[in-house]
There are 4 protein chains.
Amino acid sequence: MNTSFFGELLQTISDRGRALIDRRRVDPDTAHSESLAELCEQLLSIRGEASEVALAREILARYDELTIGPRIAFFETLLLRFGPDRTRIEKAIEAWHGSQSEETASALHMQCEPRRQELFRRLNLAPQGTAALVRMREHLLDVMVRRPELAPVDSDFRHLFASWFNRGFLVLRHIDWATSASVLEKIILYEAVHQIHDWNDLRARIDPPDRRCYAFFHPALVDDPLIFVQVALTREIPSAIAPILAPNRVPLDPDRATTAVFYSISNCQRGLAGVTFGNFLIKQVVAEISREFPRLGTYVTLSPSPGFSKWLKTERATIDSAGLSEGDRTILARLDQDDWWTDQAALTELRDPIMRAAATYYMTGRDRRGLPIDPVARFHLGNGARLERLNWPADLSPRGRDQSYGLMVNYLYDLGDIEKNHEAFAETRAVIAASAVRKIARPARAAAPAPAKVEPAAPSA
Amino acid sequence: MNTSFFGELLQTISDRGRALIDRRRVDPDTAHSESLAELCEQLLSIRGEASEVALAREILARYDELTIGPRIAFFETLLLRFGPDRTRIEKAIEAWHGSQSEETASALHMQCEPRRQELFRRLNLAPQGTAALVRMREHLLDVMVRRPELAPVDSDFRHLFASWFNRGFLVLRHIDWATSASVLEKIILYEAVHQIHDWNDLRARIDPPDRRCYAFFHPALVDDPLIFVQVALTREIPSAIAPILAPNRVPLDPDRATTAVFYSISNCQRGLAGVTFGNFLIKQVVAEISREFPRLGTYVTLSPSPGFSKWLKTERATIDSAGLSEGDRTILARLDQDDWWTDQAALTELRDPIMRAAATYYMTGRDRRGLPIDPVARFHLGNGARLERLNWPADLSPRGRDQSYGLMVNYLYDLGDIEKNHEAFAETRAVIAASAVRKIARPARAAAPAPAKVEPAAPSA
Amino acid sequence: MNTSFFGELLQTISDRGRALIDRRRVDPDTAHSESLAELCEQLLSIRGEASEVALAREILARYDELTIGPRIAFFETLLLRFGPDRTRIEKAIEAWHGSQSEETASALHMQCEPRRQELFRRLNLAPQGTAALVRMREHLLDVMVRRPELAPVDSDFRHLFASWFNRGFLVLRHIDWATSASVLEKIILYEAVHQIHDWNDLRARIDPPDRRCYAFFHPALVDDPLIFVQVALTREIPSAIAPILAPNRVPLDPDRATTAVFYSISNCQRGLAGVTFGNFLIKQVVAEISREFPRLGTYVTLSPSPGFSKWLKTERATIDSAGLSEGDRTILARLDQDDWWTDQAALTELRDPIMRAAATYYMTGRDRRGLPIDPVARFHLGNGARLERLNWPADLSPRGRDQSYGLMVNYLYDLGDIEKNHEAFAETRAVIAASAVRKIARPARAAAPAPAKVEPAAPSA
Amino acid sequence: MNTSFFGELLQTISDRGRALIDRRRVDPDTAHSESLAELCEQLLSIRGEASEVALAREILARYDELTIGPRIAFFETLLLRFGPDRTRIEKAIEAWHGSQSEETASALHMQCEPRRQELFRRLNLAPQGTAALVRMREHLLDVMVRRPELAPVDSDFRHLFASWFNRGFLVLRHIDWATSASVLEKIILYEAVHQIHDWNDLRARIDPPDRRCYAFFHPALVDDPLIFVQVALTREIPSAIAPILAPNRVPLDPDRATTAVFYSISNCQRGLAGVTFGNFLIKQVVAEISREFPRLGTYVTLSPSPGFSKWLKTERATIDSAGLSEGDRTILARLDQDDWWTDQAALTELRDPIMRAAATYYMTGRDRRGLPIDPVARFHLGNGARLERLNWPADLSPRGRDQSYGLMVNYLYDLGDIEKNHEAFAETRAVIAASAVRKIARPARAAAPAPAKVEPAAPSA
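Residues numbered from 1 in each chain as written. Chains lettered and ligands numbered in written order. Predicted model: local features only at pLDDT ≥ 70, side-chain atom pairs only at ≥ 80, totals over all residues.

Caption draft 1: Region of interest: the overall build of chain A. Each helix and strand counted, chain A has 20 helices and eight strands in total. When each of the 461 residues of chain A is scored for burial, the buried share is 46%. Within chain A, contacts between residues separated by at least 24 positions form 73% of all contacts whose residues are at least 6 apart in sequence. (Helix = DSSP H or I, 4+ residues; strand = E, 2+ residues; numbered from the N terminus. Buried ≥ 20, exposed ≤ 12 C-beta atoms within 10 Å, placed from the backbone. Contact = placed C-beta atoms within 7 Å.)

Caption draft 2: Structural view of the environment of Glu388(D). Residue and element names in this part refer to chain D. By the element assignment, Glu388 lies in strand β7 (residues 386–391). Residue Glu388 is classed as buried on the basis of its 20 C-beta neighbours within 10 Å. Placed 67 residues apart in sequence, Glu388 and Ser321 show a C-alpha to C-alpha distance of 26 Å.

Caption draft 3: Local environment of the pairing of strand β8 (residues 408–412) of chain A. All names here are of chain A. Counting buried residues in β8 gives five out of five residues, a clear majority hidden from the surface. Neither face of β8 is left uncovered, since the one carrying Met408, Asn410 and Leu412 and the one carrying Val409 and Tyr411 both have all their residues buried. The pairing of strand β6 (residues 303–304) with β8 spans two bridges and is classified as antiparallel. Bridging across to β8, Ser303 finds its partner in Val409. Where strand β7 (residues 386–391) and β8 come together, five bridges link them in antiparallel fashion. The residue of β8 that forms the bridge with Arg389 is Asn410. (Pairing = 2+ DSSP bridges.)

Caption draft 4: Representation of helix α11 (residues 199–206) of chain A in the model. Taken together, the buried positions of α11(A) are Trp199(A), Leu202(A), Arg205(A) and Ile206(A). Summarising the axial view, the buried residues of α11(A) lie within an arc of 115 degrees, below the 170-degree limit, and thus occupy one face. Packing partners of the buried residues in α11(A) comprise α10 (181–190), β2 (211–217) and β3 (227–234) of chain A together with α11 (199–206) of chain D. (Arc of directions from axis to C-beta.)

Caption draft 5: View of the domain arrangement of chain A. All names here are of chain A. Looking at the assigned domains, one finds that chain A contains domain 1 (3–164), domain 2 (167–301) and domain 3 (304–440). The interface of domain 1 with domain 2 comprises twelve residues on the first partner and eleven residues on the second. Contributions of two or more residues to the side of domain 1 that touches domain 2 are made by α1 (3–24), α8 (129–144) and α9 (151–164). In terms of residue count, α8 provides more of the side of domain 1 that touches domain 2 than any other element does, seven residues in total. Of the residues belonging to the side of domain 1 that touches domain 2, the class tally is five nonpolar, three polar and four charged. (Domains from an automatic or database assignment. Nonpolar A, V, L, I, M, F, W, Y, C, P; charged D, E, K, R; others polar.)

Caption draft 6: Region of interest: unusual backbone geometry. All names here are of chain B. Cis peptide bonds are those with omega within 30 degrees of zero, and the linkage from Trp392 to Pro393 qualifies with -5 degrees. For Pro393, the location among the structural elements is in the loop between β7 (386–391) and α18 (398–404). Positive phi outside glycine occurs at Asp320, with the angle close to 70 degrees. If you trace the backbone, Asp320 turns up in the loop between α14 (308–317) and α15 (326–332).

Caption draft 7: How the structure looks around the environment of Pro225(A). Along the chain, the position of Pro225(A) falls in the loop between β2 and β3. Those residues in contact with Pro225(A), other than ones at most four positions away along the chain, are Val183(A), Lys186(A), Tyr190(A), Ala215(A), Phe216(A), Phe217(A) and Cys268(A).

Caption draft 8: Broad picture of the packing of helix α5 (residues 86–98) of chain A against helix α6 (residues 102–112) of chain A. All names here are of chain A. One can describe the packing of α5 onto α6 by two numbers: an axis separation of 9 Å at closest approach and a directional angle of 165 degrees. Judged by the angle between their axes, α5 and α6 are roughly antiparallel. Handedness of the crossing formed by α5 with α6: left-handed. Touching Arg88, Ile89, Ala92, Ile93, Ala95 and Trp96 of α5 are Thr104, Ala105, Ala107, Leu108, Gln111 and Cys112, all from α6. Residue classes in the contact of α5 with α6 are distributed as nine nonpolar, two polar and one charged. (Axes fitted to C-alpha atoms, helices over the stretch in contact; angles between N-to-C directions. Parallel < 35°, antiparallel > 145°, perpendicular 65-115°, else oblique. Left-handed = near helix turned anticlockwise from the far one by under 90°.)

Caption draft 9: Representation of the environment of Arg369(B). Within the secondary structure, Arg369(B) sits in the loop between α16 (344–364) and α17 (375–383). When the C-alpha atoms of Arg369(B) and Arg429(B) are compared, they prove to be 9.9 Å apart, with 60 residues separating the residues in sequence.

Caption draft 10: Highlighting the confidence of the model for chain A. All names here are of chain A. Of the residues in chain A, 88% reach a pLDDT of 70 or more, and the chain-wide mean stands at 86. Per-residue pLDDT stays below 50 along residues 1–13; that stretch engages in 19 contacts with residues further than four places along the chain or on separate chains. Every residue in residues 450–458 is under pLDDT 50, and counting partners more than four places away or in other chains gives 20 contacts. (pLDDT = per-residue confidence, 0-100.)

Caption draft 11: Helix α19 (residues 418–428) of chain D, seen in detail. Within the span of α19(D), buried status applies to Ile418(D), Glu419(D), Asn421(D), His422(D), Glu423(D), Phe425(D) and Ala426(D). Downstream of α19(D) by a residue or two, Arg429(D) has a phi angle that is positive, lying close to 60 degrees.

Caption draft 12: Structural detail: the packing of helix α8 (residues 129–144) of chain D against helix α9 (residues 151–164) of chain D. All names here are of chain D. At a minimum axis separation of 10 Å, α8 and α9 run at an interaxial angle of 145 degrees. For the crossing formed where α8 meets α9, the hand is left-handed. Residue-level inspection shows Thr130, Arg137, Leu140, Leu141 and Met144 of α8 in contact with α9, the latter providing Ala151, Val153, Asp154, Phe157 and Trp164. Of the residues assigned to the contact of α8 with α9, the class counts are seven nonpolar, one polar and two charged.

Pasting the structure below:
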């Protein structure tokens, strides 16, 4: 007696409902040509629960068979045909002006709602409707790269998902070698930061006594995690990723550990972009681990710097940029050398200039909203962490070189400061960093723009 | 690592947040006089997650200490001060008229939303916020008996609860003697139809092999059921409640049963009135039981007639009413006799007139919306059941005599017809009944009003 | 798919096997007169698994219907007819003398085994056979009060149970208000030390945050605990039971507790007498609680003195006994007064003499094996605890007065000393006690007898 | 709070006990040279629970480090030094002859028991002692191939394991893709009949809707299965293994299946050889599957014939053997051809002779005990199955050709006959086979020896 059983039941009911739909509404000759849009109109007008469920299921099944072209057409229909109804809005405005009351305001509220929202709510009645809608939004996000005008449709998805994936419904689970294979294969699939190659590799991440993995789940997406974090227990703040992932390392007795390192945080559902859980995940995992190992004193990440390479290239390309001294600019030219990462002399020479550039990147690099350029920094600073240390070279894998010339950083979660930092960042965008970082950063040229409400950023550790 | 653990964590975070609030915002001299309304305004304007959680918790804690007078005052504040903002609506209308677009429609939509809705959403962030809001609505419903003008506040609660208590998040659990005591004590407490007196009585309801009990749970209300149903497995459709509840009855071997009788359905959360789960519960339980006992062929209720006594009194008091023949009217006068239920001759004489009156009550008794007067009939007919049989005398307990002169009825859930009936009832309000019932009903005098969208009714079996 | 399902399956198999037995072996005319003993002989000689299971089940079913007389007769049959087979023993001895080898020794070993043991092993094949055999031994123990000659039968039960209830198969479970009602009702039933009156009383024992209850379970006795312990978290070592059981007491915040008090330990299965789990239970619970509340420093019992009244009466009745001084003897006469426990003056006067007598009782009272008379003392001292403190008056309930004139004691489990004490007690019977107790005890008159292997004693807290 | 926690606790206790042992008993100079045998003697003489546990753990740890030579020496010590004590046996015989009583018989029984048994019981007290002893017996079985004289040691292991792995303690679990990875990796490891190559291969065995896998577990071997069976749901009795294991086959809708095929049964613990669970496993799985799919009517195996090649070679090598006609003998010579299995003409020609030889092999091939030569036949016929069909060519994999020239057979479990067949086989060794098999078998030359108690055989499907 569980969710999947419930799913079967809904399917049975909707099968019966479908028989009713077919009998009553669908002209057999035109059945095939009937467009998805017309079925959606039907779904919005229909009355009778079984028919709703059946129709919702039918629509999702047909959507599932669409190729890319018709899919875009469908999204355009959602935009143009299932937006707010202008005539009704006008009528409701008229009624409101006739008599300003709770009732007329409420009617106006309802009439201004894009019809898509009610459509999505009804599609959600289908068995596994939530998962189908999350996938639909994935498709939409892909399409939006070239069709930014679809943003209002995306906005309705996001609005509904924020409500459905309310944090109160999230369940934290410890993932280990005793976890079900059906969940573990998703961990392999979703790991976004440091790829997991196979089941042996997975085991090395979750099974040793000095490793932990936690994930958030939601009742509507059974056995499919929303986000997970991988943790290493260590005796010091790590400065490189390789020792953590080393295949034949000797595990540490966790009772001797002093430090919990969050070295990978992966969002699993691209369709839930913008509905953030990472903040809660980290705090809950900190609480969980500190309960299991009361002696741990330090909670820290080992995080990538996904925007550093791009920023540094721009700075180097900009004559007279504020971020680099002339001396550093000269030395950094060695990065253009094909094999700089294998040249010990280059590494030695580059170290200080890179560290200074990195400090400047974090302390002064700002996007249009006045927030740190680095998305991972936005996430952790937004959670109340402190930028604790820059590490170089910390990740000389192709990906690490590509996105950050091998730089990684540690964000520190100090339970005593976390809320104060969070408030400070939310209100003033102040980048809280250790003095060792602050000291070597070059000053920002211009003032940051005025604070605006800070959007939560997607973590990738 | 579970919900209650998560609750603890939120508490810790909000404790820290509270410290921040206290430090920064609250003037110590005026702290105590600061009104709840002002805290609510703060909650709507605040930025920073910990502070939100802390403030939400503070507001709910203060609300909890209110006595009845201040509570009413608080609800009035919610009505008057946290409704839609007229100035903003006007501005948004202006913008819409300036340029009709998705964006201006969406802005208008948001500005018309009563501010209460966002307030409730933020209160929901507090630990156990959902449960607190459900209780708050209970209080509101109590108050509304005398203050119907508070309806818009209630409407906002209901809107949010319908979304939060989405059927996809409900979990069905079999309740039996192996269930946790903390859940079982709630079953004792919430049983609304046939009172459970103590733990022995409870055991007689859920432990014998020919008894089943199922409940729906929601992740935000841990161990607190939303609704539950009690089922007896029998060899025939029962015509009275006493044999089902008899203390020393011999249980039936469930493999010999032919019939599942839903003899009690209780909603547990008064604060969720209007957010219906009963329909899903029954269908899911039918599926569950039929899987366990494939030989069962009949799914039927044994239900009270909560509106019959009142209707009959009115009919009898109305000279020339359509519902009663003159002959029956005369015999029914015996109901005025003090001890009619112990007088065998009276029972014999009353039987046929009562049955005719009951058939007329169900077939023709309509409320202002054109729906059956009887709320239990509205629920089961709305689910697609058929009124199968009238039983008299079926419940001569004081409560049974009081609400229905001892009448009980069976609604039949025939899986093959359930959706067709549901559709018919939803669209035309047709009362589907067995011919034995239809034949003895007197015709309705006036036509029923035109159909309107049918509201789901609360079940009480 | 669980134990009870497995039980059903075995039943099905044995039903089929029974059909075979009936068909082949049982002459219908004599079926009823066929004695249990003959069925037992059949069970020992039969070949074929289904028949074994069926026959075992048949025997246990017939045994279950025996009244007390035939039951005693059955035990006598077990003694006389299912003991070792003398002829076979002689033959096996002969073979051994013919050729001393592993094989002949092994054959001799097998022939000397009472045939009962194999009989019990085969009865254990029946569905729920283990539980049935545990009950059978209960009956046997009752009968043995008057028939001590049945001891060899009991000895075989005990031998097998010790193997089947191997500690490696025991599972510890935390019992609280979330525990299944079917387990909780057994806790009510089995509580042996301080009676639990009803479900509310039970809740007061297991639900408050400063109370804990743990039980051992075995897979063959599903949902039926073997032994359980009740624990109170306090701020000091308690000196009386009433405050712990007080109905309206305010619970202590467990994080402020310093002391875990084991105030009740109940063996549940009388049929498992002599198969001790208590030692393991206490150690495991100490480990469990200290993990949950690392700040706790003191683990102590509040235990009855079940043998004190009897010992004191004997001492008082013995002129010139070593245990009492003349002065104390005179004062202790007040205990003969009907209402001494309500007479404040008596209580004041009695206190010191009682304490001296109690100290003497514990330090010098010895049974024939040289062990402490007090069975609870044997249990806790045998586990490595120390007699920490005498408390008087600590339990003036009728039972407390009756068995110990109101005395209770604390045994202290000091994790650093527990094994050393255990070894000392096991080897020399040394009663480890706090100096405050030792100082006021009167010296023993005679030396204790030489140490023998110490039998574990049954706990009752 | 689970077994592994309990394990930790025992470890803690035994750590303390070890400290005591070290302090008191072990002369530091000779500690290292102290032999395992002497520690075993200590364990048998020691008193005090913690010391026992510590010593048991020490012995198992030291044993674990032994290389093959010392290991054999240790087994010899177990044989020679820890057998029955001759002096004590003589004394006990004397006492028995002095007075024949329950007590003297019981004493004799105890003195004849090899001292190893008590030693093993005490070793079982160590954390994970059971698993260590199972592994120790594996080693012993390996050694016994060359040292059959160690049989008495093995016999003691087997005796104790039969008691500890009592069927009442076995738990059946459905193994599927939702099962924990730690269990699944053991399924990959232990599969003995048709190798599982990797996790994808495993998934193809357990995840499709027409596949099932069930395993027995025991509480003392957490997450380590004892035996498991793989089942395919099909529409007919299969005649070859390849279609069942085909990588890209389309799964069958299980509701359309008519037949459950047990195509692989693997014992996991070599150390438990002779302690059979297979019989129970199959019966329980039949009951489980028939509950899930009531429409299934046929329960059948697809089993290897591990002894057929060897038997056939012997028959062919024996001039005038009874098992083969001259004509068949001539044709069967084609089997000596290198690539007979790829030569379609050879396959066609060989078919009938092979089928006749196979029928003769099953119907008349007997071992010294008069039982079928084929161990798989012994297992299934002993369980009450019927030899239903011979299939050729059914498994032309290298292994299949090697052990059975490609032959596989079906055993049919007919619930109505299973017990009757079982009894018949147990009592008369009658091979129950379908008439199609019986008809083509050649008659046995000599009568089978008289029946003896049938030993259960190890299954390998």
